[in-house]
Each structure stands twice: as C-alpha cells, then as structure tokens.
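# Notes for the structure review
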There are 2 protein chains.
Amino acid sequence: MSKQGKLKIIPLGGLGEVGKNMTAYEFQNKILVVDAGIMFPTNDMIGIDYIVPDYEYLRARAGNVVGIVITHGHEDHIGAIHHLLNDVSAPVYATPLTRGLIEGKLARNSASTKADLNTIEAGGMIEIGPFKVEFFHICHSIPDSVGLGITTPAGLVVHMSDFKFDHTPVDNWPTDYAKLAEFSRRGVDVLLSDSTNAERPGWTPSEKVIGPAFDKVFAEAQGRVIVATFASLISRVQQVADSTKKFGRKITFAGPSMVDNVKIARKLGYLDIPDDLIVPMDQALKMQDHKVAIMCTGSQGEPSSIVGRLAAGTNRLFSLKEGDTVVLSSHPIPGNEETISRTINRLLHRGAEVVYDAIAPVHVSGHASQEEQKLLVNLVRPKHFIPIHGELRHLRRHAKLAVEVGVPEKNAVVVENGQIVILSGGNLTLGERIPGGYVFVDGDSIGETDFSIMREREKLARAGIFLIDISVDKLSGRLLHDPEIITRGFVSPEDAEALLPEVRAHIMDVVGSGGESEKDIANAVRSYLYEETGRRPMVLVTLSKA
Amino acid sequence: MSKQGKLKIIPLGGLGEVGKNMTAYEFQNKILVVDAGIMFPTNDMIGIDYIVPDYEYLRARAGNVVGIVITHGHEDHIGAIHHLLNDVSAPVYATPLTRGLIEGKLARNSASTKADLNTIEAGGMIEIGPFKVEFFHICHSIPDSVGLGITTPAGLVVHMSDFKFDHTPVDNWPTDYAKLAEFSRRGVDVLLSDSTNAERPGWTPSEKVIGPAFDKVFAEAQGRVIVATFASLISRVQQVADSTKKFGRKITFAGPSMVDNVKIARKLGYLDIPDDLIVPMDQALKMQDHKVAIMCTGSQGEPSSIVGRLAAGTNRLFSLKEGDTVVLSSHPIPGNEETISRTINRLLHRGAEVVYDAIAPVHVSGHASQEEQKLLVNLVRPKHFIPIHGELRHLRRHAKLAVEVGVPEKNAVVVENGQIVILSGGNLTLGERIPGGYVFVDGDSIGETDFSIMREREKLARAGIFLIDISVDKLSGRLLHDPEIITRGFVSPEDAEALLPEVRAHIMDVVGSGGESEKDIANAVRSYLYEETGRRPMVLVTLSKA
C-alpha cells in the first residue's frame, strides 16, 4: 500500500518528559490529541501549584481538533482536561473507568457541562476525522488503560502510553499481545513508547507480588493497618481490600480523592469490594484496632496529606497510636525523597511500625523495564522508533535499547517537546519547532508566573528582606522622621534591633550627601549588612520627599 | 575483671543522623570527642550554608575535654573542627592522611595556629586521660580510616565509624579483622556501628569493581574524559589516574578542594600518581581531546561546581564540547536527585556522553550493607549494640539486624542525638537528655538562624511580597502622595501595574475611614489580592503621618 500525505507527530506536554502529558497528531490540518495531563512542580518552582502543557499550537487551531483520546485515568494524563476543554471544544474518547475519573475531575472543576464524553472499549476501533484509532488493552497500575494504533493514509503509528507487560495483573487482564502482533504483520511505521524505566535492567515485577507482602503486613500487625498510596492506584486498593478481607478486618477510606475514586471504580465494576467489608470512618475509629484497615493518601509524605498530618501530629479525624502499622505503598517521586524520609522517621518516632518499599515489596513500578521495552520493539517491529515519557537521559537510553534489538540507528529519533516529526512517504523527518514548554498554574493564574518571578522568590528566600522607609524634607534634605525598618526572614528581631543604630548611621551618610536616591541608600545598607552578617538580604527602600 | 565507674556515651552530631558528625565519651568528668564534622542543609533549610552539631555540652565543659579523635578525612567528620577548636582547646589525634586534610582545612579557615595536632597510626594505642584508645584500620572510600577500641575501667567500647568490609580495596589494605577478633576475645561491652546502608541487602561491592568500569569509559571515549566526584574520595582519584595512564592520556585536576586534596594525599604517599601523568589545566586544554582526562568536583550537580557550570554553559576555564564524556562518579545524596537529573539532561543536551551510576558501575557505596553489618556483629560479639550514623529508619533496621545475629533485644539500644547512654557495671542505662540538635551556619552567623526565620523565608518565597508606602496628613487624614508600591516575586511588573488602581481604591477606603493602622491597610489589600489573583503575597505597609 503506498503511503500518502503527511502525518505530523507533535509531542507537547511534560516537564522535561517528552510527550508525557500530551501528544498531538495532525493530518490534513485535522488534529487528534492524545492525553491532557498535568505535572507537579519540582522543588525549585517556588509557589507553583501545578503545571500544564503549553498547547498554544492547539489553541490557535482549535477548530481543527477533531478529538481528544485519553489513554488512562492518572493525573498526568487527565489532569489538564478542564483547561484544554476551555480552549478546545472537541469530543473526548476514553474507556469506562477513565471516563468515570474524567467525569469526577470535571465535576470538581465545575466544567462538566462543556464536555462531549464518549466511551470506547479496548479492542474497538473508531474513526475520528482522518484518524482510524484502534484501542488495545495494556497493563499499568490503573485498570482499563489502552494503547493506540493510529492509521492514516500516511501510515500506521503505534502509541504506547504508560505500560508494563504484567503476566499476572490484579484484574487478570494482560496486555493485548495479539493486537501488537497484528500491527507488526500490517507493518508499523512508527512506534512511540514509554521510557520511564529505560535505565532499569530486567523486567518489572508483576502487581501480584504485592499481595503476599500485604498479607505479611496484615498477619503481623498488632493494631490498625494504615495504607497510604495514590488515590488513582485502583489496583492497589483492590489488593489492600483483599488482604483486609482475608485477615478479618474492615476497611475505611480517607481523603476526598481516594473516596471519590473508590466510589467511581466500584460503581463501574473495576473494584470488587463487598459492601460489608467497608465501614465509615467514624465507625472504624470505634472498632478494636486489630479489626481495622484505613486506606488514605500521602504516600509521598506531602505535609498536607493524611499521612503527612499523622506524622506531624496534626490530623483532625484521628491520630497515630502506638501499635499502628503504616504502609507507604509507592516509590518516591524524584524530588520527594527528603520529605518521605522525614515522614518515615516521624511516624517511627510516634511509635508506629512503618513499612515502605525499601524494606518490603509493598510497591512495584507501573512501567516497563528494559527487557519489556525490548520485547515491545520485537513484537511490533516498527520501522521507526520515538521514545516518549521520559527525560532526555531516559529517551537516549530507550533509543539505544531499540537500536540493540534491530531498529536502524538513524530511525530511532530522540526529540524534545515541541519538535514536530513528520511521517511522509514511509520516512521520518524533523518538521518545525513550535512552543513545547509548559505553563505554571499559580493561584488563579495560568501561565502568568514565569521563571523570572520564581527567581525573585528564590532571592527573597535566600536571606530575607530588609525594608527601609525614609521621608526627607524637600528643602533641607533632612530626615522628617526616623527611618522605619521592617525585616522578614533575615535575622532574629533582637539581632535586627542591634543592627539599627549602624544602619541608621549609614543611611544618614548617604542622605546627608544630598541628591540621594533610593538606590544609593539601598547600596550603602546592603554593603553594611553583608560586612556585618555575611548575608545578602533583598534591600528595598521607599523614599518620600515632602 | 570487674567493671568500675560509669562511662557516658554521648551521641551529639548529625542532622537526623545519630552520632554521625560527633560522639563524645565521658569518664570521671574527662571527655573524649570522636569526630567533628558538618552536614549540608536539606532543601527546606533555606539560605543555610551548612550545619554543625550543637556541642553546647562540650563548650560548658571545655576544660574537661582531654582529646579529639578523628576517624577519617571526610567533611562530615572533620568539617567542624575549626568551630570546635574555637571553643574547646584539646589535642587532636588522627592518622597521617586525615591529619593532612585537617591541616588543609584549618589553613583555609585561618585556624592553624590554635591546633595541637598529633599523628596516630592504625594498629597503635594511646592513652588520652582515662581512655585507652586503640586505633585499627577500616576500609572506607577514603584511605587511612580507623575504627576505635576505647577502654576505660567501665569496660570496652568498639566505635566503628563509616566503614565497609572491602576485600579488595584500592590501597590493598583490608579492614583489620584480627583486631576485631581480639576485641571479641577480650569481651566487648558496647559496639557502636555505621547504619547508613542498613536497608540495603547483601554486601557492598568492592571499590575494585570501579576499575573495569572506568577502563571501559576510557576505551570508548572519543574526546575528553571529564570525571566528577567528591574532592575527598581519594581512592577514586587513584582509580581514574590508573585508567588515565593505561589509556595513554594525561590528567589534570580542577577545583581548589580537589587540587588541594590531591596535593596532600600525594605528598603523604596515599596517591600513587607519577609526576609526568599530571599536566596543568592550561596545557591540558591545548592537547588533543583524546589525550586528556579532567578530574573535578560537581558530581551532585551543584550549580556552582565545575560540572554544574559546564551543564549551564557558564564555566570560566573551559566549556563542554561535542564528544566529551562526563562521568558522574557518586551516588545522589538524598535531596539532590532533581538537581543531578537536570544536570545529566543538560550535559546530554550539550552533546556530551554522560555516564552515571544508574547505567554503569562508576560508583559504589563506601558503607557496609546488611551482610557486612551482620558480620561485624558476629566478629565482635558485643554484649550491647548502639546503631549510629543513620536516621531513625536506618537505626531501627540496624538494631533488628543485630538482634537477628544474637544481640539480646533489650541490649540493642536505639537513641537519638543528645540522649546519654551510661555503661556501668557491665550494663547500659539511659542517662539524661542534653541538647543534641544542630546549629545553622548562615553567612557569618553560627546558630543565630532558626526555623522561625526559615519559615519566614519560605513564606516570602511562596508568593512574593507586596509593599505599600503611604504618607498621610496628620490633620486632614488625606494622602500626602500616591501610595508607592513595590512588588517582588508576586506577578509580572505589567500585571502588578494593572492591579494598582483597584489596590489604591481599597487603600483609600481604609485610609478615608480615619484611625487606620498599617494592619488595617494590609488586611484590605491582602483580601483584594487573594480575590483577584488567588495568591497570598506577604503584604507589608509603611505608614507615616506628617
């Protein structure tokens, strides 16, 4: 079959991770969007709530977007859907559980009415404009995830979102190998695939290995078992519920997102938890400790989460007690290691047993490791390979793996967000470079906070501020009142007090000279403070002449 | 032999890590200090340069301190020596290399004259007041490290500082097993030991495994090889020099601490690098790329280090070029993961090959893993066990390991810094609790910055500041001039400009009401800003009435 036309592959979203939160495909000016997720800020993005992909390219072509396909229900794939739908009015396609989670998300953001949601099924196919999209089941740490086969006259692209080849998944629904083999027979022009674990040798353990680990925890626990994980790790909820039942306990859920997601997943049949296994929180707190399991959020030690508050002793509904066993069922997200470690130490300090992935297999990754990544390439046998879902270090590594198993080196293409790749005549070429960054959500503002503002915040934080208010008589040049000085985050109030006479003297020197400016005064004070304290607070001067 | 008197064991230093930077022993009012190191701040300790142990207990008893023994030359064991010697004038004992590094440290801090430095040798014994101290060689990632056998009439304590049981260390000098066995024969009352890797199963690989990894890097590198590691990882320097020689390159060192340490270690015979292997930097930069190796600091991606600056494109002496191979020969220190990952991505982006511990064995830990920790307990067979050098999570784990290999559960004692443990009559009891925290070094100040100042800095950083200066006519209550407004780290200058008319109106409302205070004005503006932007900057008001 001869190839016709040009397909643009446009990785858009992901903080340093290519195509992680959003990828778009464009054929004959019609655009198909895959995923609309958010990222959480790194530690140096001060004051930022979360990050959405910069989809200016889509906004400018809103009328051309024919559909939005969501591969699974994790925040980094659905979290920006209400932002996107604000700018782009197109039908959304998702599997039942993913759709349910999107509905919950839209309702919480008062955006339900705008959405044209459509349910698709793994194994099915639909035509969205010029795109023939085939959905096939893949395993991940949330049920009902799909990969995509996208056919246009330009060729066939296989888009693997987050996945692992789990032979014994919790829901007993393995990855659709047959479909991957079928694609291979038809001839795959481009494979895009998840690079998260490209540095991890071997094969990611099955979700099933967690079962025995939880059974052991439940068997040994003397008091309550408190399990923290991500609210969207639906499979984990099933496993904890199974152990709860096995050991004659009842389970209760805490945290709005956890409660919501469990409700949706149970309603749609993705969680098999009998009604009588679940008790409301107030009842659970009255039961004997060894009869209770509590499932909540906070596995990353976030100070505002339930586990974070238990560790700090500030949880409202219940406190930690001696004999509690706390399980942190997740792996530290890079950047969270310190917070998690501090949380573990505090929980131990308060008398809890703490179980975490370094000492028991209470968590496994949801992403394919190197052997699985190689298997995927061998199953699909694509002509071209584009690693996505990873930082540059992971993409490079993943590309090397693909080359090792037979993709020609020139056909393994590492690109960054915003770099358009064109499939045409069965070959890949680089197209134009469009904005492919991200925008910060900070309070109510979207995209207004930039790095210059964050660098100012960092500067404020480094040594605090030193603020001087001066009023000068216009005619005599004399001070009208004593300089008013306010400091924050600089030195202790007593130490600041002790510095005042000298600061005042330095101000007088400058003011006495005549023609003084706010800048002159600030410079004089800044030098003195550095000399005296070795610190460089931000010095701000307001000078009024009356 | 009957036990007499009371020995106080006093873990003092380490940020969350017990006894890491400093431990003291007290017998009949005479005090022996072991180590005097610093820690680096965690990400939430904003503006802090480094941290020293709170040794108020020693300061108050300065006349009773009979000696300071340093186990090895790493910063977290020697870094606070000039602070301690400022307050406590006692002789310092160290092995030749450790002494050399201490001398360098004191010289850099203009504190050389104060110090009474004494050289000791592994295998030797000296009496320091009532303490008979036996030094024995242990392997670690720096040569000339020692463990201590401390004998007093109260009994024998074995103090294991950072160590691993490396059968093939780079300097061919294995741990002194015979001495450990001898202690065991004599009967050890208490063993204190390094818990760093208590969560790591198995046996830490020998430093020797790094040799072939570096040989591979050198064999494959087309251009320059740039190796980053800690300046104090003297063994690593030897290994890189060996590969340099083997592959016909010349080596040059960059970074003052790296240059200093290499000089000291060569002079004392702890580095075997022929003169003609080393070239000065300016010469190295003129040589052909495949003839050069550069060794420098910055393996943790610190922005101010050489590798940090190479990644950012701001290094003064030389820049990265296509074809360079950069080796990061260290493991991320918890909290540095994000910075390191960003550095790797940037180096790749600039065209370098990057080799790091996730993809090649270019680093191994310097600390014993679980099997080594168990071996130590079995070799020494102590009556009591106190895990040190680790956070609570590691200490608990280490205590469990000791119990698994035979220490009675009640004799494995987990304590925190400042908790005195008393050895008396062959038994351990808990003594008083003294200050065991840490003090922050921030600019020139030691111990003046506290958490309240850091929380203010955090608050300043979260959404910036909004500063208003108002002058009001004392009689009429009218504004004397337009309010002056300064913002930093809040919104962009243009957005701030747009908010001004409304802010002014809100100020006028309050000022018009009469009896207005700075607090009233700040509250009104704060509410308006939150309503308008969803952010809560710190609002500061200076109000003068004239």
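Residues numbered from 1 in each chain as written. Chains lettered and ligands numbered in written order. Predicted model: local features only at pLDDT ≥ 70, side-chain atom pairs only at ≥ 80, totals over all residues. Heavy atoms only, no water.

### Remarks on the interface of chain B and chain A
Selection criterion: The contact rule is simple, with two residues in contact once any of their heavy atoms fall within 4.5 Å. Buried area is understood as the total, over both parts, of accessible area removed when two parts are fitted together, assessed with a 1.4 Å probe. For this document, the term salt bridge refers to a Lys or Arg side-chain nitrogen within 4 Å of an Asp or Glu carboxyl oxygen. Helix and strand assignments follow DSSP, with helices taken as H or I runs no shorter than four residues and strands as E runs no shorter than two, numbered in order from the N terminus.
Each side of the interface is counted separately: chain B has 67 residues, and chain A has 67 residues. When chain B packs against chain A, the two sides together hide about 5,300 Å² of surface, and 51% of this comes from carbon and sulfur. By the criterion of area lost to chain A, the three top residues of chain B are Glu338, Arg393 and Arg535 of chain B, representing 12% of everything that side buries. Across the contact surface, chain B and chain A share two salt bridges. Between Glu353 of chain A and Lys400 of chain B there is a salt bridge whose closest N-O contact spans 3.8 Å. Contributing elements (two or more residues each) for the side of chain B that touches chain A: helix 11 (337-349), strand 17 (353-356), helix 13 (392-404), helix 14 (451-463), strand 23 (465-472), strand 24 (484-488), helix 16 (518-533) and strand 25 (538-545) of chain B. Per-element accounting of the side of chain B that touches chain A gives the leading share, eight residues, to helix 11 of chain B.

### Some thoughts on the packing of helix 5 (residues 177-186) of chain A against helix 12 (residues 370-380) of chain A
Residues and elements named next belong to chain A. Counted only if it meets this: With axes taken as lines fitted to C-alpha atoms, and helix axes fitted only over the stretch in contact, angles between N-to-C directions fall between 0 and 180 degrees. Each angle receives one of four descriptions, namely roughly parallel if under 35 degrees, roughly antiparallel if over 145, roughly perpendicular if within 65 to 115, and oblique otherwise. Each residue is assigned to one class: nonpolar for Ala, Val, Leu, Ile, Met, Phe, Trp, Tyr, Cys and Pro, charged for Asp, Glu, Lys and Arg, and polar for all the others, Gly among them.
Contact pair helix 5 / helix 12: the axes reach a minimum separation of 7 Å and the direction vectors enclose 50°. By the angle between their directions, the pair helix 5 and helix 12 is classed as oblique. Residues Tyr177, Leu180, Ala181 and Ser184 of helix 5 form the contact with helix 12, whose own contacting residues are Leu376, Leu379 and Val380. Of the residues contributing to the contact of helix 5 with helix 12, the split by class is six nonpolar, one polar and no charged.

### Here's the deal with the packing of aromatic side chains
In plain terms, the rule: Each Phe, Tyr or Trp ring, with Trp reduced to its six-membered ring, pairs with another whose centre is within 6.5 Å; inter-plane angles below 30 degrees give stacked pairs, above 60 give edge-to-face pairs, and intermediate values give tilted ones. Each residue's exposure class comes from its accessible area (1.4 Å probe, protein chains only) as a fraction of the maximum for that residue type: buried when under 20%, exposed when over 50%, partly exposed otherwise. Geometrically, a lysine NZ or arginine CZ counts as sitting over a ring once it is within 6 Å of the ring centre and also within 35 degrees of the ring normal.
What the rule picks out here adds up to 14 aromatic pairs over all chains. Plain terms: the ring middles of Tyr438 of chain A and Phe440 of chain A are 5.7 Å apart, the flat faces sit at 75° to each other, and that makes the pair edge-to-face. On the basis of relative accessibility, which here comes to 27%, the residue Tyr438 of chain A falls in the partly exposed class. When its relative accessible area of 3% is taken as the criterion, Phe440 of chain A is described as buried. Three or more aromatic residues joined by ring pairs form one cluster here, namely Phe163, Phe165, Tyr177 and Trp203 of chain A. Its guanidinium or amino end placed over the ring of Tyr57 of chain B, Arg61 of chain B lies 3.7 Å from that ring's centre, counting from NZ or CZ.

### So, the pattern of salt bridges
All names here are of chain A. Enumeration over the complete set of coordinates arrives at 52 salt bridges over all chains. Ionic pairing is found between Asp275 and Arg266, a salt bridge with its closest N-O pair at 2.6 Å. Overall, the relative accessible area of 62% leaves Asp275 in the exposed class. What makes Arg266 partly exposed here is its relative accessible area of 26%. In the salt-bridge network here, residues are joined through shared partners; they are Glu134, Lys179, Glu182 and Arg186.

### Some words on the side chain of Lys374 of chain B
Structurally, the position occupied by Lys374 of chain B is in helix 12 (residues 370-380). Not counting residues up to four positions away in its chain, the partners in contact with Lys374 of chain B are Leu401, Glu404 and Val405 of chain B.

### Thoughts on the sheet that holds strand 25 of chain B
Residue and element names in this part refer to chain B. Heads up, the rule is: A pair of strands is labelled paired if DSSP reports no fewer than 2 bridges between them.
One open sheet accounts for three strands, arranged 24-23-25; its pairing is mixed. Here the strands that pair on one side only, and so sit at the sheet edges, are strand 24 and strand 25. Pairs of neighbouring strands in the sheet enclose a mean axial angle of 10°, with direction left out of account. Relative to strand 24, strand 23 is paired through five bridges, and the arrangement is antiparallel. In the sheet register, Ile465 faces strand 24, and the bridge partner there is Arg488. Strands in contact with helix 16 are strand 23 and strand 25; relative to strand 25, the strand with the most contacts, it is inclined by about 145°.

### Some remarks on the pairing of strand 21 (residues 438-442) of chain A
Residue and element names in this part refer to chain A. As paired elements, strand 4 (residues 50-53) and strand 21 share four bridges and run antiparallel to each other. Directly across from Tyr50, in strand 21, lies its bridge partner Val441. Two strands pair when backbone bridges link them, and strand 21 and strand 22 (residues 445-446) are joined in this way by two bridges, in the antiparallel orientation. Bridge pairing in strand 22 places Asp442 opposite Ser445. What sits between strand 21 and strand 22 in their antiparallel hairpin is a turn of two residues, with Gly443 showing a positive phi close to 65°.

### A short note on the environment of Ile102 of chain B
Residues and elements named next belong to chain B. The topology assignment puts Ile102 in helix 4 (residues 96-108). Between the C-alpha atom of Ile102 and that of His72, which follows or precedes it by 30 residues, the distance is 9.7 Å. For Ile102, the residues in contact, after removing those within four places along its chain, are Ile70, Ile78, Ile81, Val92, Ala94 and Leu117.

### Quick look at the side chain of Arg535 of chain B
Mapped onto the fold, Arg535 of chain B is located in the loop between helix 16 and strand 25. Setting aside its immediate chain neighbours within four residues, Arg535 of chain B contacts Asp442, Gly443, Ser445, Glu448, Thr449 and Arg457 of chain A together with Ala463, Phe490, Val491, Leu529 and Tyr530 of chain B.

### Quick word on the sheet that holds strand 23 (residues 465-472) of chain A
Residue and element names in this part refer to chain A. One open sheet holds the three strands; their spatial order is 24-23-25, and the pairing between them is mixed. For this open sheet the edge positions go to strand 24 (484-488) and strand 25 (538-545), each flanked by a neighbour on one side alone. For this sheet, the mean angle separating the axes of adjacent strands, direction not counted, is 10°.

### Quick look at the packing of helix 6 (residues 210-220) of chain A against helix 7 (residues 234-246) of chain A
Axes are the key here: two packed helices are described by the angle between their axes and the distance separating the axes. Residue and element names in this part refer to chain A. The condition that has to hold: Handedness of a crossing follows from how the near helix is turned relative to the far one, being left-handed for an anticlockwise turn of less than a right angle and right-handed for a clockwise one.
Here helix 6 crosses helix 7 at 40°, and the two axes come no closer than 9 Å. Judged on the interaxial angle alone, helix 7 and helix 6 are oblique. Pair helix 6 / helix 7 crosses with right-handed handedness. Contacts between helix 6 and helix 7 pair Ile210, Gly211, Phe214, Asp215 and Phe218 from the former with Arg236, Gln239, Val240, Ser243, Thr244 and Lys246 from the latter. Looking at the contact of helix 6 with helix 7, its residues break down into four nonpolar, four polar and three charged.

### Side note on the relation of the copies chain B and chain A
Which entries qualify depends on this criterion: Only residues with pLDDT of at least 70 in both copies contribute their C-alpha atoms to the least-squares superposition of the copies.
The two copies are related by a screw motion: chain B maps onto chain A through a turn of 180° and a shift of 0.0 Å along the axis, at an RMSD of 0.2 Å. Here the copies are linked by what is in effect a two-fold axis. Across chain B, the rotation axis passes nearest the C-alpha of Ala461 of chain B, at a separation of 2.7 Å. Interface residue correspondence from chain B to chain A reaches 100%, placing this contact among same-surface, isologous pairings.

### Examining the nonpolar core
A general tendency of soluble globular proteins is for nonpolar side chains to be buried together. Going by this rule: What is meant by a nonpolar core is a set of buried Ala, Val, Leu, Ile, Met, Phe, Trp, Tyr and Cys residues, joined one to another through side-chain atoms within 4.5 Å. Residue ranges for the domains trace back to a domain assignment, done automatically or taken from a database.
With 61 residues, the main nonpolar core has Leu58, Ile68, Ile70, Ile81, Leu84 and Ile102 of chain A as its most contacted residues. Per-element accounting of this core gives the leading share, five residues, to helix 6 of chain A. Each of domain 1 (6-202 + 365-444) and domain 2 (207-356) of chain A contributes no fewer than three residues to this core. For Ile68 of chain A, the contacting residues outside a window of four places in its chain are Val33, Ile81, Leu84, Leu85, Ala90, Pro91, Val92 and Tyr93 of chain A. Grouped together as the second largest cluster of nonpolar side chains are 60 residues, Leu12, Leu106, Val262 and Ile264 of chain B included.

### Quick notes on unusual backbone geometry
Residue and element names in this part refer to chain B. Located in the positive-phi region is Arg381, a residue other than glycine, with phi close to 45°. With respect to the helices and strands, Arg381 occurs in the loop between helix 12 and strand 18 (384-388). Phi is positive for His389, which is not a glycine, with a value near 55°. Tracing the chain through its elements places His389 in the loop between strand 18 and helix 13. For His389, a relative accessible area of 0% gives the class buried.

### Some words on the domain arrangement of chain A
Residues and elements named next belong to chain A. What the domain assignment reports for chain A is domain 1 (6-202 + 365-444), domain 2 (207-356) and domain 3 (451-545). For domain 1 and domain 2, the distance between their C-alpha centres works out to 31 Å. With 22 residues of domain 1 at the interface, the matching set in domain 2 holds 15 residues. Carbon and sulfur atoms supply 60% of the area buried between domain 1 and domain 2, which totals about 1,500 Å² over both sides. In this structure, Asp260 engages Arg108 in a salt bridge whose closest nitrogen and oxygen atoms are separated by 2.8 Å. In terms of residue class, the side of domain 1 that touches domain 2 is built from seven nonpolar, eleven polar and four charged.

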